[in-house]
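Remarks on the overall topology
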Amino acid sequence: MMFKKQFAVMVLAMATVLPAHAISAHYREQLDRSGCNMVTDSNGTCDIHKTKAQNAKAAQTPAMQERAKIAAMLEDSVIGQSTDDAYAALEKSGFQNPEPLKWTKGKYEVFLDVNPRGTVQAATLR
């Protein structure tokens, strides 16, 4: 019985020491091939299903430049800010607030994830 407890403790200790791989090998390969990173993939400014050259060409279109500008504004002025400061930055950028935690501007929608302390943890751009 004592051996089982010691073994269980040892297995748990090993599991906490082993490195964690947050992304799969397949996703890592897609990121490498496309020239994207996890942030640009998640905010839509890069497509992991395209090549680096295709993404570079797409980045030069006015629509992608606008999307990248909005994504940068979210990173700089919304994420990590209090809701009051984040709301002010969104309003200054021309976004409207049709419902709680949702902001819209033309064809773009931003959904905010706010923690219990009132700080914006994430802003999802669609």
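If you're wondering where the values come from, they're calculated on a predicted model, not measured in any experiment. (Residues numbered from 1 in each chain as written. Predicted model: local features only at pLDDT ≥ 70, side-chain atom pairs only at ≥ 80, totals over all residues. Heavy atoms only, no water.)

1. Some remarks on the layout of surface pockets
Rules: Using a grid of 1 Å spacing that covers the protein atoms alone, one calls a set of points a cavity when a 1.4 Å probe fits there but cannot get out, and a pocket when the set is open and has protein on both sides within 12 Å along at least five of seven lines; lining residues are those with an atom within 4 Å of a point. Grid points are joined across faces, edges and corners, and a volume is the space filled by probe spheres set on the points. Starting at the N terminus, helices and strands are each numbered in turn, a helix being any DSSP run of H or I of at least four residues and a strand any DSSP run of E of at least two. Amino acids outside the nonpolar list (Ala, Val, Leu, Ile, Met, Phe, Trp, Tyr, Cys, Pro) and the charged list (Asp, Glu, Lys, Arg) are all regarded as polar, and Gly is one of them.
Here the largest pocket is characterised by a volume of approximately 170 Å³. What lines the largest pocket is simply Val 39, Ser 42, Asn 43, Ala 71, Leu 74, Glu 75, Ile 79, Ala 122, Ala 123, Thr 124 and Leu 125. Broken down by element, the residue count for the lining of the largest pocket peaks at 4 residues, all from strand 4 (residues 120-125). Of the residues in the lining of the largest pocket, the class split is 7 nonpolar, 3 polar and 1 charged.

2. Section: the packing of aromatic side chains
Note the following rule: Note on ring pairs: Phe, Tyr and Trp rings are taken, using the six-membered ring of Trp, and paired if centres are within 6.5 Å. Classes follow the plane angle, with under 30 degrees stacked, over 60 edge-to-face and the rest tilted. Three exposure classes are used, based on accessible area relative to the maximum for each residue type with a 1.4 Å probe and protein chains only: buried under 20%, partly exposed in between, and exposed over 50%.
The tally for this structure, following the rule as stated, stands at 1 aromatic pair. Aromatic pair Tyr 87 and Trp 103: ring centres 5.1 Å apart, planes at 55°, arrangement tilted. Residue Tyr 87 is located in helix 6 (residues 83-92), and its partner Trp 103 is located in strand 2 (residues 102-105); the two are separated by 16 residues in the primary sequence. Judged by its relative accessible area of 1%, Trp 103 is buried.

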